[in-house]
Amino acid sequence: MEKVSIVLPTYNEAENIAEVIRLIKNNHPEWSVFVIDDSSPDGTFKIVEDISKKFDNIFLVKREGERGRGLAGAYGFELALKQGSDLIIEMDADMSHHPRYLKDLVREAKDFDVVIGSRYIKGGGEEGRAFGRRVISRMANLYLRCVLGFSVYDWTSGYRCFQRSALSAIVSDIRSKGPSIVEEVLFKIKKKGFRIKEIPIIFFEREKGTSKLNFRILFRTLFYSIYLRIFS
Ligand SMILES: Nc1nc2c(ncn2[C@@H]2O[C@H](COP(=O)(O)OP(=O)(O)OP(=O)(O)O)[C@@H](O)[C@H]2O)c(=O)[nH]1
Ligand SMILES: [Mg+2]
């Protein structure tokens with residue numbers, strides 16, 4: 001049996017994290033969960049700490065100092081690899097990435113090195129998102145396809161499953177501190193020639209908690225993709 005691990009970066013997800021873990025554990029009790037929390041002021045850590053007492057495969061890390069989606073994600077990847085995971089899944093902890101798709105990601109990972117839960121292929125989509133936000137997301141993705149490659153439809157999806165071999169080939173090379181880790185990891189893996197597959201998911205707008213995304217982060221990500229393309 002292959003060892004499956006899920007990495008959940010969290011910052012202020014007190015209203016979502018218990019439900020995410022419950023849905024994962026209901027269907028996949030044998031899978032390990034790594035929660036990488038950047039000392040969220042809303043008490044996310046304490047909630048996970050209490051839940052983790054009932055399981056022997058929920059691992060909780062409290063990062064101190066500089067926070068960042070990229071810093072936390074890379075930390076979680078390293079940890080999951082160190083613990084001998086064969087498949088490593090990353091997903092947001094805000095219920096935008098519904099755990100119902102986990103089994104599809106893992107099934108497809110039998111034949112591929114990376115499986116992406118994609119909003120922009122047939123059968124995929126977004127629900128509950130304001131029109132403006134959908135347009136921004138689509139335009140950002142079109143831009144990223146132009147810069148990083150047309151063979152991927154959803155460059156910014158953070159809902160993915162990696163074979164150990166693919167992730168370990170690039171993990172020590174991750175430079176992003178923020179959300180651009182999502183594009184960076186995929187671009188570097190793709191460049192090494194690993195097999196990538198997209199499967200459709202419906203992305204649900206978060207109902208609780210607040211987004212950490214803003215225009216500064218968005219533009220930084222868009223510029224960073226050019227840097228990636230030229231210097232990686
Ligand atoms: N550890 C850690 N996790 C973070 C940080 N920023 C965001 N996250 C987590 O990364 C995931 C995605 O962050 P979101 O704020 O939902 O960003 P997004 O999904 O791109 O934007 P929305 O669609 O607006 O929610 C969530 O699980 C967040 O809690 C951070 O600085 N540190
Ligand atoms: Mg989100």
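Each remark here, short or long, concerns the structure printed above.
Residues numbered from 1 in each chain as written. Chains lettered and ligands numbered in written order. Predicted model: local features only at pLDDT ≥ 70, side-chain atom pairs only at ≥ 80, totals over all residues. Heavy atoms only, no water.

*Asks:* What's the story with the nonpolar core in this structure? I'm lost.
*Replies:* A general feature of soluble globular proteins is that nonpolar side chains tend to end up buried together. In this structure, Phe77, Leu167, Ile174 and Val185 are the most contacted members of the largest nonpolar core, which totals 34 residues. Elements that contribute at least two residues to this core include exactly strand 2 (32–37), helix 3 (69–82), strand 5 (114–118), helix 5 (131–148), helix 6 (164–168), helix 7 (181–191) and helix 8 (215–231). When residues of this core are assigned to their parent elements, the largest contribution, six residues, is made by helix 7. Beyond its immediate stretch of four places on either side in the chain, Phe77 contacts Val7, Ile88, Glu90, Phe162, Leu167, Val171, Ile174, Ile181 and Val185. Counting residues in hydrophobic clusters, the runner-up holds 27 residues, among them Val20, Ile24, Ile58 and Leu87. (Core = buried A, V, L, I, M, F, W, Y, C linked by side-chain atoms within 4.5 Å. Buried < 20%, exposed > 50% of the residue type's maximum accessible area, 1.4 Å probe, protein only. Helix = DSSP H or I, 4+ residues; strand = E, 2+ residues; numbered from the N terminus. Contact = heavy atoms within 4.5 Å.)

*Asks:* In this structure, what is going on with the sheet that holds strand 3 (residues 58–62)? I would like to understand it.
*Replies:* By way of backbone hydrogen bonds, the strands of a sheet pair with one another, either parallel or antiparallel. Strands sit in the order 3-2-1-4-7-5-8 across an open sheet of seven strands; the sheet is mixed. Sheet topology places strand 3 and strand 8 (196–200) at the edges, where each strand pairs with a single neighbour. When strand polarity is set aside, the average angle formed by the axes of neighbouring strands in this sheet is 20 degrees. In the sheet, strand 5 pairs with strand 7 (residues 160–163) via three bridges, with the strands oriented antiparallel. Among the inter-strand pairings, Val114 is bridged to a residue of strand 7, identified as Phe162. Each of strand 1 (4–10), strand 2 and strand 3 is contacted by helix 1 (residues 17–27), which is oriented at about 170 degrees to strand 1, the strand it contacts most. Sheet strands in contact with helix 2 (residues 44–52) are strand 1, strand 2 and strand 3, and its direction is about 155 degrees off that of strand 3. (Pairing = 2+ DSSP bridges. Axes fitted to C-alpha atoms, helices over the stretch in contact; angles between N-to-C directions.)

*Asks:* Could you clarify how one ought to interpret the packing of aromatic side chains in this entry?
*Replies:* Geometry of an aromatic ring pair is reported as the spacing of the ring centres plus the angle between the planes. Inspection of every chain in the model, using the stated rule, returns six aromatic pairs. A ring pair is formed by Tyr227 and Phe231, whose centres lie 4.9 Å apart and whose planes are at 45 degrees; its orientation type is tilted. Placement of both Tyr227 and Phe231 in helix 8 is noted, with a separation of four residues, approximately one turn of the helix. For Phe231, a relative accessible area of 59% translates into the label exposed. These aromatic residues form a ring-pair network of at least three members: Tyr224, Tyr227 and Phe231. (Phe/Tyr/Trp six-rings, centres within 6.5 Å; stacked < 30°, edge-to-face > 60°.)

*Asks:* I would appreciate a short explanation of the site of ligand 1 in the present structure.
*Replies:* Around ligand 1, 20 residues are found, and the nearest of them are Glu13, Arg67, Asp94, Arg129 and Ser211. Here ligand 1, which alone exposes 620 Å², has 92% of that area covered by the protein. The set of elements that each furnish at least two residues to the shell around ligand 1 consists of strand 1 and helix 3. Across the shell around ligand 1, the residue classes break down as seven nonpolar, three polar and ten charged. (Near = heavy atom within 4 Å. Areas by Shrake-Rupley, 256 points an atom, 1.4 Å probe, with all protein chains shown as cover. Nonpolar A, V, L, I, M, F, W, Y, C, P; charged D, E, K, R; others polar.)

*Asks:* Even after reading the chapter, I still don't get the pattern of salt bridges, so can you show me in this structure?
*Replies:* It is possible for side chains of opposite charge to pair when their charged atoms get near one another. One pass over the full model with this rule turns up 20 salt bridges. Here Glu108 ties to Lys197 by a salt bridge, and the two come within 3.9 Å at their closest N and O atoms. Note that Glu108 is positioned in helix 4 (residues 102–108) and Lys197 in strand 8, a separation of 89 residues in sequence. Of the charged contacts in the structure, one is a salt bridge between Arg175 and Asp173, with a shortest N-O distance of 3.5 Å. A residue is classified by how much of its surface remains accessible, and Asp173, at 33% relative accessible area, is partly exposed. (Salt bridge = Lys/Arg side-chain N within 4 Å of Asp/Glu carboxyl O.)

*Asks:* Explanation requested: the side chain of Glu184 in the structure shown.
*Replies:* Note on placement: Glu184 falls in helix 7. Of note is the side chain of Glu184, whose polar atom sits 3.4 Å from the side chain of Tyr224. Here Glu184 is in contact with Asp173, Ile174, Arg175, Ser176, Tyr224 and Leu228, once residues within four sequence places are set aside. (Polar contact = N/O pair within 3.5 Å; in protein donor to acceptor, adjacent residues only side chain to side chain.)

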